[in-house]
Amino acid sequence: MQAFKPFYIARLPRILFGRGRLNEAPALIAGYGRKAMLVTGKQSFFGTQRWQRFIDDLAGQGVEWRHCIVSGEPSPQLIDDMVDQFRNEHIEVVVAIGGGSVLDAAKAIAGLLPSGGSVMDYLEGVGRNKTYRGPSTPFIAVPTTAGTGSEATKNSVLSVQGPQGFKKSFRDECLVPEYAILDPDLLASCSPALIAADGMDALTQLMESYVSAKANPFTDALAWSGMQAVKAGFFAAWRGVEPEAGEGRAAMAYAALLSGITLAQVGLGSVHGLASPLGAFFPIPHGVVCGTLVAVATDVNIRAMQAREAANPALAKYAAVGRLLTGQNELDDQSARDALIALLADWSDRLQLDPLSVYGIAETDFPHIVANARGSSMQTNPIVLTDEEIGEILRKRL
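Cut-off values and rules
The residue numbers shown here count from 1 along each chain, following its written sequence. Local features in this predicted model are restricted to residues of pLDDT 70 or higher, and side-chain atom pairs are both shown and tallied only at a pLDDT of 80 or more, whereas totals for entire chains, interfaces and linings draw on every residue. Only hydrogens and water are set aside; all other atoms, that is, all heavy atoms of the structure, feed into the side-chain values. Whether two aromatic rings pair depends on their centres lying within 6.5 Å, for rings of Phe, Tyr and Trp, where Trp uses its six-membered ring; planes under 30 degrees apart make the pair stacked, over 60 edge-to-face, and the rest tilted. Numbering of helices and strands runs from the N terminus; a helix is a DSSP stretch of H or I covering at least four residues, while a strand is a stretch of E covering at least two. For every residue, the accessible area (1.4 Å probe, protein chains only) is compared with the maximum for its type, and the residue is labelled buried under 20%, exposed over 50%, or partly exposed between those bounds. Any Lys NZ or Arg CZ found within 6 Å of a ring centre and within 35 degrees of that ring's normal is scored as a charge over the ring. As annotated, the domain borders come from an automatic or database domain assignment. By the convention used here, residues are in contact when the closest approach between their heavy atoms is within 4.5 Å. Buried area adds together the accessible area that both of two parts lose upon being put together, with accessible area traced by a 1.4 Å probe. The salt bridge criterion pairs a side-chain nitrogen of Lys or Arg with a carboxyl oxygen of Asp or Glu, the two atoms within 4 Å. Here a polar contact is recorded for every N or O atom pair within 3.5 Å, except that within protein the pair must consist of a potential hydrogen donor and a potential acceptor, and residues adjacent in sequence are included only if both atoms are side-chain atoms. Surface patches are drawn from residues lacking salt bridges whose relative accessible area is over 30%; two like charges belong together within 9 Å, two nonpolar side chains (Val, Leu, Ile, Met, Phe, Trp, Tyr) within 5 Å. Areas reported as accessible are Shrake-Rupley estimates using a 1.4 Å probe. Residue values count occlusion only from the protein chains shown. One less than the number of residues in a helix, times 1.5 Å, gives the span that helix is expected to have. Buried residues of nine kinds, namely Ala, Val, Leu, Ile, Met, Phe, Trp, Tyr and Cys, make up a nonpolar core once their side-chain atoms join them within 4.5 Å. Criterion for a disulfide: a pair of cysteine sulfur atoms at a distance within 2.5 Å. UniProt positions are given in the numbering used here, feature names are shortened, and annotations may be inferred rather than shown by experiment. Two strands make a pair as long as DSSP finds a minimum of two bridges between them. Angles here are taken between N-to-C directions and fall from 0 to 180 degrees, while the axes themselves are lines fitted to C-alpha atoms, restricted in helices to the stretch in contact.

Caption draft 1: Quick peek at the packing of aromatic side chains. Using the criterion set out here, one finds 13 aromatic pairs in the structure. Taking the centre distance of 5.6 Å and the plane angle of 20° together, the rings of Tyr122 and Phe170 count as stacked. Of this pair, Tyr122 sits in the loop between helix 4 (100-112) and strand 5 (139-143) while Phe170 sits in strand 7 (residues 166-171); the two residues are 48 residues apart in sequence, bridging distant segments of the chain. Both residues of the pair, Tyr122 and Phe170, count as buried. Ring pairing ties together the aromatic residues Phe45, Phe46, Trp51, Phe54 and Trp65, which thus form one cluster. It is Arg350 that lies over the ring of Phe235; its NZ or CZ is 4.2 Å from the centre.

Caption draft 2: Broad picture of the domain arrangement of the protein. Examined at the domain level, the protein breaks down into domain 1 (14-186) and domain 2 (192-396). Between domain 1 and domain 2, the residue contacts involve 22 residues of the former and 28 residues of the latter. Both sides together, the interface formed by domain 1 and domain 2 hides about 2000 Å², and carbon and sulfur atoms give 58% of it. The three residues of domain 1 that bury the most area against domain 2 are Ala146, Gln161 and Lys167, which together make up 25% of that side's buried surface. Scanning the region where domain 1 abuts domain 2 turns up 0 salt bridges. At the junction of domain 1 with domain 2, the criterion picks out 7 residue pairs in polar contact (both at pLDDT 80 or more). Counting residues per element, the ones that place at least two in the side of domain 1 that touches domain 2 are strand 1 (14-17) and strand 7. Tallying contributions element by element places strand 7 first for the side of domain 1 that touches domain 2, with 3 residues.

Caption draft 3: Geometry of a nonpolar patch on the surface. Taken together, the side chains of Phe7, Leu12 and Phe218 present a nonpolar region at the surface, about 240 Å² in accessible area. With respect to the element layout, Leu12 can be found in the segment before strand 1. By relative accessible area, Leu12 is classed as partly exposed at 32%.

Caption draft 4: Representation of helix 11 (residues 333-350). Between its first and last C-alpha atoms helix 11 spans 25 Å; for 18 residues at 1.5 Å apiece the expected length is 26 Å, and the two agree. Structurally, helix 11 contributes buried residues whose contacts are with helix 5 (192-210), helix 6 (217-239), helix 9 (286-308) and helix 10 (313-326). Of the residues one or two after helix 11, Gln352 is the one with positive phi, at around 60°.

Caption draft 5: Here's a closer look at the nonpolar core. Ranked by size, the top nonpolar core spans 78 residues in total, and within it Leu203, Phe234, Leu274, Leu278 and Ile369 carry the most contacts. Among the elements that make up this core, the one with the highest residue count is helix 9 (12 residues). Taken domain by domain, this core gets at least three of its residues from each of domain 1 (14-186) and domain 2 (192-396). When near neighbours in sequence (up to four residues on either side) are disregarded, Leu274 contacts Leu293, Ile369, Ala373, Met378, Ile390, Ile393 and Leu394. Among the nonpolar cores identified, the runner-up in size contains 31 residues, and Val39, Ile109, Tyr132 and Leu175 belong to it.

Caption draft 6: Layout of the state of the cysteines. Following the criterion strictly, the structure yields 0 disulfides and no others. Not part of a disulfide, Cys290 finds its nearest cysteine sulfur in Cys190, a span of 16 Å.

Caption draft 7: Highlighting the side chain of Thr380. Position of Thr380 among the secondary structure elements: in the loop between helix 13 (376-379) and helix 14 (387-395). We classify Thr380 as buried; its relative accessible area is 6%. There is a polar contact of 3.2 Å between the side chain of Thr380 and the backbone oxygen of Ser377. Excluding anything up to four places from it in sequence, Thr380 contacts Ser212, Ala213, Lys214, Val266, Gly267 and Leu268.

Caption draft 8: Structural view of the UniProt feature "domain: Fe-containing alcohol dehydrogenase-like C-terminal" (unreviewed entry) in the protein. Using the residue numbers shown here, the UniProt feature "domain: Fe-containing alcohol dehydrogenase-like C-terminal" (unreviewed entry) corresponds to residues 196-396. Taken end to end, residues 196-396 is 73% helix and 0% strand, and its two terminal C-alpha atoms sit 21 Å from one another.

Caption draft 9: Region of the structure containing the sheet that holds strand 3 (residues 64-69). Pairing is parallel in the open sheet, where 6 strands are placed in the order 1-8-5-4-2-3. Each having just a single partner strand, strand 1 and strand 3 make up the two edges of the open sheet. Averaged over all pairs of adjacent strands, the angle between strand axes in this sheet comes to 15°, irrespective of strand direction.

As structure tokens, then:
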């Protein structure tokens, strides 16, 4: 019988999942008040026919709205500017319709609208270490991509890019969305390149939470279900050939949601530990970091555990994932782990995910990257990696 150790499950949003569920959003929004702030990206939803229909439906519900566009990864300055601009507008609900950056920005804006102040008061690791006490403005998250899972987390990831930049979280359970509305039809506007990068982000989050040092039976079940969905739908969504693409988009929306739930509960691993400094110091998209590093990082983790922690339960878990994703259930554990690494490398190649050097990263940058890679994600990696092992992950994908 499995031993059940104590674990804690943080707050989750109420979840509406399914094609067409966006149509239910205006009535939900009206339930929170008559003045909404809409946060979108520049293209994925804003300006489309669905946008016009959405704001018409809001008007039909008697809801006034203000609009904020988020382009690229949000910075603390953007959050502070938006809070200052809308603080006295008496916003009763914040609604984000967009990718992970849009959701992260809206989450932070919602958190600060009631009290004002700077997000730098609360940003972990680089902020002023003040304790956030809320309340947050009610927040509804509607993802138009399938990658970060931000619709299910308490994290708002903000960044300043450059040699001395950072990528850190404003994090509190008050920031968890009231509702996460997942309408897979919204993913139809995603390019194959975006599907590829976001899908590898979701898969990496599912794998890393599955082998996390804090993993528990609850999160394992969700991560496993998410990885099954990735296997079933990822490449159908990427190829974009209907009707299979529609089912693929639904599978990936589901997988990304579960990846957000599991990462919020038990943390991530070495890929995301490296993604923070890489994304801060260089103009490399987060999903590309995940997709280009995950095979090598998995290999380094496995070899480190075999050398120093042969009884680590993550070794058996990696083997199980290898059998799941390859469909080769007859493989022994070592063969399954080898097959997993080969499959992940093959997926990165097929999806044409660029190596690090394309983004201006050189071996001379490794010490600076490694020195800044030991944040919260690296702390839940299934084994503590040495600086040399972290450097090896970078070197093999340069």
